[in-house]
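Residue-level structural notes
In case you want the letters, here they are:
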Amino acid sequence: IRSADDVVLAVNEAWEQATGRPRAEQLGRTRRELGLWYDDAEEAAFAAGLAASGRVHDLPYGFRHHPDGQVRHALVSAERVELEGRSAALIVATD
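Here is a short report on the structure shown in this document.

Rules used in this analysis
- Residues numbered from 1 in each chain as written.
- Predicted model: local features only at pLDDT ≥ 70, side-chain atom pairs only at ≥ 80, totals over all residues.
- Heavy atoms only, no water.
- Salt bridge = Lys/Arg side-chain N within 4 Å of Asp/Glu carboxyl O.
- Helix = DSSP H or I, 4+ residues; strand = E, 2+ residues; numbered from the N terminus.
- Pairing = 2+ DSSP bridges.
- Core = buried A, V, L, I, M, F, W, Y, C linked by side-chain atoms within 4.5 Å.
- Buried < 20%, exposed > 50% of the residue type's maximum accessible area, 1.4 Å probe, protein only.
- Contact = heavy atoms within 4.5 Å.
- Axes fitted to C-alpha atoms, helices over the stretch in contact; angles between N-to-C directions.

Our next topic: the pattern of salt bridges. Per the stated rule, a full pass over the model turns up seven salt bridges. Across the pair Asp 6 and Arg 31 runs a salt bridge whose closest N-O atoms are separated by 3.0 Å. With Asp 6 in the segment before helix 1 (13–19) and Arg 31 in helix 3 (residues 31–34), this residue pair connects regions lying 25 residues apart in the sequence. Between Glu 43 and Arg 32 there is a salt bridge; the shortest N-O distance is 3.1 Å. Taken together, the residues Glu 43 in helix 4 (residues 40–53) and Arg 32 in helix 3 connect sequence positions eleven residues apart. Among the charged side chains, a salt-bridge network with shared partners connects Asp 6, Arg 31, Arg 32 and Glu 43.

Below, the structure is given as structure tokens:
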């Protein structure tokens, strides 16, 4: 996820399966456009933690599976990294 505008830069096959969305549908879109976060408070805690310390570890994460809208739960960890000279977040979700 690119820090400046929250745009998805890359996803792996496991994330495609977890979300039910193909890679091509996710790349170039923001997390908000994709509507993945189920709980606004969880998303706010994630964003605040990442902004404050540059990392978060094992935060609860409810996300929507596409196209059925089923809510799935995982733990999300992330760390700020530099990618192609720009700040980004490397995010890992563990179910």
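Pairing geometry for strand 1 (residues 55–64) and strand 2 (residues 71–83), over eight bridges, is antiparallel. Opposite Arg 55, over in strand 2, you have Glu 79 as the bridge partner. Linking two consecutive strands that pair antiparallel, namely strand 1 and strand 2, is a turn of six residues; a positive phi of about 75° is found at Gly 69 within it.

The next subject is the nonpolar core. Nonpolar side chains in soluble globular proteins generally cluster together in the buried interior. The biggest cluster of nonpolar side chains holds 16 residues, and the ones touching the most others in it are Trp 15, Phe 46 and Tyr 61. Those elements that provide at least two residues to this core are helix 4, strand 1 and strand 2. If sequence neighbours within four positions are ignored, Tyr 61 has contacts with Trp 15, Leu 36, Trp 37, Glu 42, Arg 72, His 73, Ala 74, Val 76 and Ala 93.

Spatially, 1-2-3 is the arrangement adopted by the three strands of the open sheet, whose pairing is antiparallel. Lying at the two open borders of the sheet, with one neighbouring strand each, are strand 1 and strand 3 (86–94). In this sheet, adjacent strand axes meet at a mean angle of 35° when their direction is disregarded. Relative to the sheet, helix 4 contacts strand 1, strand 2 and strand 3, its axis offset from that of strand 1 by approximately 155°.

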